[in-house]
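# Coordinates in review
The lines below spell out each chain.
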Amino acid sequence: QKEVEQDPGPLSVPEGAIVSLNCTYSNSAFQYFMWYRQYSRKGPELLMYTYSSGNKEDGRFTAQVDKSSKYISLFIRDSQPSDSATYLCAMTLSLNAGNMLTFGGGTRLMVKP
Amino acid sequence: DVKVTQSSRYLVKRTGEKVFLECVQDMDHENMFWYRQDPGLGLRLIYFSYDVKMKEKGDIPEGYSVSREKKERFSLILESASTNQTSMYLCASTPQQGGNSPLHFGNGTRLTVT
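Residues numbered from 1 in each chain as written. Chains lettered and ligands numbered in written order. Predicted model: local features only at pLDDT ≥ 70, side-chain atom pairs only at ≥ 80, totals over all residues. Heavy atoms only, no water.

### Considerations on the sheet that holds strand 8 (residues 73-78) of chain B
All names here are of chain B. Definition in use: Any two strands with at least two DSSP-identified bridges between them are counted as paired. Numbered from the N terminus, helices here are DSSP runs of H or I no shorter than four residues, and strands are runs of E no shorter than two. For helices, the axis comes from a line fit to the C-alpha atoms of the stretch in contact; other axes are also lines fit to C-alpha atoms, and the angle between any two N-to-C directions lies between 0 and 180 degrees.
As summarised here, the arrangement of the four strands in space is 1-3-8-7, forming an open sheet in which the pairing is antiparallel. Each edge of the open sheet carries a strand with a single partner, namely strand 1 (4-6) and strand 7 (65-70). Taking each pair of neighbouring strands and ignoring which way they run, the sheet shows an average axis angle of 20°. Here four bridges tie strand 7 to strand 8, and the two strands are oriented antiparallel to one another. Residue pairing for strand 8: Val 66 is matched across the bridge by Leu 76.

Next up, the structure:
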């Protein structure tokens, strides 16, 4: 079993839809949770970053962490064709662990006009 | 804006060849990383370096080595390329340890070993 599981998709939605992207993980010691966005033929870029449980909102994006269920989500409101990309979740044990991130396999999202 | 530059976008090499993948960052970052990205497996850490001439093994170092002679440059070396090393290779850098310091990635080198 992988430490971090993520549905590879592709997930296809119409423009304007609410998108829910999810990851489950097995290591309850993970404390820091991130979402990276990767456009085709580009490197990943950090989208959202949260610590421990709870929600964090940034514009159309909301990151949610449920540590009791070992489940994290990224919600995209009013999705746009420019949101079409692969979304990677990543997590790490602590700040002292440096940037030793454990990544999910990524979910490919397609937003159709 | 941080720039991480990987010298080649696409490489095709033969089995047994020695392969060098080069990465340069322009923001004086201490830490540099090499990952490989494969479908369904996400990113897996090969090697990282916290300082010049320092290197640490990541999760999958077998078949790879690295070199960091200058702070801005981090090279990944495949001593004898094999077909199972066909992959996308991503270099990243960050100024300091810590989850609140995002990894800055290059655009990747897609290596095919035939």
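### Remarks on the sheet that holds strand 1 (residues 4-5) of chain A
Residues and elements named next belong to chain A. Spatially, five strands are ordered 1-3-8-7-6 in an open sheet, and the strand pairing comes out antiparallel. Looking at which strands have only one partner, the edges of the open sheet turn out to be strand 1 and strand 6 (54-58). Strand direction decides the pairing type here: strand 7 (residues 61-66) and strand 8 (residues 71-76), joined by six bridges, are antiparallel. When the sheet's bridge partners are listed, Asp 66 is paired in strand 8 with Tyr 71.

### Re the pattern of salt bridges
Cut-off, in case you're wondering: Just to be clear on terms, a salt bridge is a Lys or Arg side-chain nitrogen sitting within 4 Å of an Asp or Glu carboxyl oxygen. Throughout, exposure labels follow a simple rule: accessible area from a 1.4 Å probe, protein chains only, divided by the maximum for the residue type, with under 20% read as buried, over 50% as exposed, and the rest as partly exposed.
Counted by the stated rule, this structure contains nine salt bridges over all chains. The partner of Arg 77 of chain A in a salt bridge is Glu 57 of chain A, with the nearest N and O atoms 3.4 Å apart. Linking Arg 77 of chain A in the loop between strand 8 and strand 9 (85-92) with Glu 57 of chain A in strand 6, this pair joins segments that are 20 residues apart in sequence. The exposure class assigned to Arg 77 of chain A is partly exposed, which follows from its relative accessible area of 30%. Between Lys 71 of chain B and Asp 28 of chain B there is a salt bridge, with its nearest N and O atoms 3.2 Å apart. Taken together, the residues Lys 71 of chain B in the loop between strand 7 and strand 8 and Asp 28 of chain B in the loop between strand 3 (19-25) and strand 4 (31-38) connect sequence positions 43 residues apart. Classification of Asp 28 of chain B by relative accessible area gives exposed; the value is 52%. Taken together, the shared-partner salt bridges in this structure form one network comprising Asp 28, Glu 30 and Lys 71 of chain B.

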